[in-house]
Amino acid sequence: MCLIVLGWRARADLPLVVAANRDEWRERPTQPAHFWPDHPQLLAGRDLSAGGTWMGVTRAGRFAAVTNFRDPADKRSTARSRGGIVTEFLLGNETPGAFIAALAAHAHEYNGFNLLASDGDSLWYYGSREGVARAIEPGVHALSNHLLDTPWPKVQRSRRAMEAALQEDDPGKRLFAALADDGSAPDDSLPATGVGIEWERRLSAALITGADYGTRSSTVMTLNSLGAVRFEERTRDGEGCVVENRVEQLQVQPA
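To start, this report covers the structure provided alongside it.

To continue, consider the nonpolar core. Of all hydrophobic cores here, the largest spans 25 residues; its most connected members are I4, V18, M55, L116 and M221. Secondary structure elements with two or more residues in this core: β1 (3-8), β2 (16-25), β5 (55-58), β6 (63-68), β8 (123-127), β11 (213-223) and β12 (228-236). Counting residues in each nonpolar core, the second largest holds 18 residues, with A44, F89, I100 and L115 among its members.

In structure tokens form, the structure reads like this:
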């Protein structure tokens, strides 16, 4: 997952709105979003390589998502899968604060990551490179492959798109349009993360295309004030075209 924008308690009737693009190597085997047979309360895609997920929601109203922290100089093949963090939180019952406090003690076992975690009552962020857990304030926030709300061009564009979408009855159409933006940012606005200028240009788009690596899926999730979740995922090919569309719904039933 390489771009997540969310509206957290920014609108009374929609306390949580999430729009996200998952960027990944295309050869990595993946299952699209579904209710897991071994955990029927969990709605999420599944990484068939390591078994975890990048984003999901449960019937109890738990939500979590993860992105990596881009730093090619510090990437270990022996590190644990970051998707396991999301799955562990979603299938547990700890508050986000308690979960992150325990996670921080062994965060070094993973390559750099950013975690968003909510139990419905609060939404927390933890970046392993920052090392500080914090509750997210109500409003619009966005995350890519640096710290929360780092003003990378696509982060700023996605925040503006969310702010505009929240003014509409149904924010989904505008959010999917923002996730499908394949325009790259000007060179003078690009970050320097160690991947080289050609990759910085390519990765600056919300929608990343290419036969080797790119946006595998785009997702818009809404949770309304009555506890109804709508989860729409659009699977994309190497040219960015939608090849499958899935819509799942659930009703939150807090324990």
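This part is about the sheet that holds β1. Strands sit in the order β10-β1-β2-β11-β12-β13 across an open sheet of six strands; the sheet is antiparallel. One side of each edge strand has no neighbouring strand; the edge strands of this open sheet are β10 (139-143) and β13 (242-251). Going across the sheet, the axis of each strand differs from the next one's by a mean of 15°, ignoring polarity. In the sheet, β1 pairs with β10 via five bridges, with the strands oriented antiparallel.

We now examine helix α3 (residues 153-165). Helix length check: α3 (13 residues) gives 18 Å between terminal C-alpha atoms against 18 Å at 1.5 Å per residue, within 8%. Residues of α3 that are buried: P153, K154, V155, S158, A161, M162 and A165. Packing partners of the buried residues in α3 comprise β1, β2, β10, α4 (172-179) and α5 (197-203).

Before going further, it helps to spend a moment on the pairing of β11. Among the eleven residues in β11, eleven count as buried, and that is most of the element. Pairing geometry for β2 and β11, over ten bridges, is antiparallel. Following the sheet pairing, D23 is matched in β11 by T215. Across seven bridges, the pairing between β11 and β12 is antiparallel. Note on β12: the bridge partner recorded for V220 is E232. Joining the antiparallel neighbours β11 and β12 is a turn of four residues, in which G227 adopts a positive phi near 90°.

Turning to the sheet that holds β6, a few remarks are in order. The strand order β3-β4-β5-β6-β7-β8-β9 describes an open sheet built from seven strands, whose pairing is antiparallel. Strands with a single pairing partner mark the edges of an open sheet, and in this sheet they are β3 (30-36) and β9 (133-135). Across the sheet, the mean angle from the axis of one strand to that of its neighbour is 10°, orientation sign disregarded. Note: β3 against strand β4 (residues 39-47), five bridges, orientation antiparallel. Paired with F35 across the two strands is L43, which belongs to β4.

This part is about the packing of aromatic side chains. Throughout the structure, instances matching the rule amount to six aromatic pairs. A centroid spacing of 4.9 Å and a plane angle of 65° characterise the contact between W25 and Y213, whose relative ring orientation is edge-to-face. Within this pair, whereas W25 is found in strand β2, its partner Y213 is found in strand β11, the two being separated by 188 residues in sequence. On the basis of relative accessible area, W25 is assigned to the partly exposed category, the value being 38%. With a relative accessible area of 11%, Y213 lands in the buried category. Among the aromatic residues, those joined into a ring-pair cluster are W25, W199 and Y213. The lysine or arginine in question, R234, covers the ring of F176, its NZ or CZ lying 3.7 Å from the ring centre.

This part covers the side chain of D47. By secondary structure assignment, the location of D47 is in strand β4. Among the polar contacts made by the side chain of D47, one reaches the side chain of R28 at a distance of 2.6 Å. Look past the residues within four positions of D47 in its chain and what remains in contact with it is R28, P29, G52 and W54.

Attention shifts here to the pairing of β5. Burial of the side chains of β5 extends over both faces: M55 and V57 are buried on one face and G56 and T58 on the other. Direction of pairing for β4 relative to β5: antiparallel, over a ladder of three bridges. Bridge pairing in β5 links L42 to T58. Where β5 meets β6, three bridges bridge the pair, whose relative direction is antiparallel. Paired with G56 across the bridge in β6 is A64. In sequence, β5 turns back onto β6 through a hairpin of four residues, with G61 there showing a positive phi of about 90°.

Calculation notes
- Residues numbered from 1 in each chain as written.
- Predicted model: local features only at pLDDT ≥ 70, side-chain atom pairs only at ≥ 80, totals over all residues.
- Heavy atoms only, no water.
- Core = buried A, V, L, I, M, F, W, Y, C linked by side-chain atoms within 4.5 Å.
- Buried < 20%, exposed > 50% of the residue type's maximum accessible area, 1.4 Å probe, protein only.
- Helix = DSSP H or I, 4+ residues; strand = E, 2+ residues; numbered from the N terminus.
- Pairing = 2+ DSSP bridges.
- Axes fitted to C-alpha atoms, helices over the stretch in contact; angles between N-to-C directions.
- Expected span 1.5 Å × (residues − 1).
- Contact = heavy atoms within 4.5 Å.
- Phe/Tyr/Trp six-rings, centres within 6.5 Å; stacked < 30°, edge-to-face > 60°.
- Lys NZ or Arg CZ within 6 Å of the ring centre and 35° of its normal.
- Polar contact = N/O pair within 3.5 Å; in protein donor to acceptor, adjacent residues only side chain to side chain.

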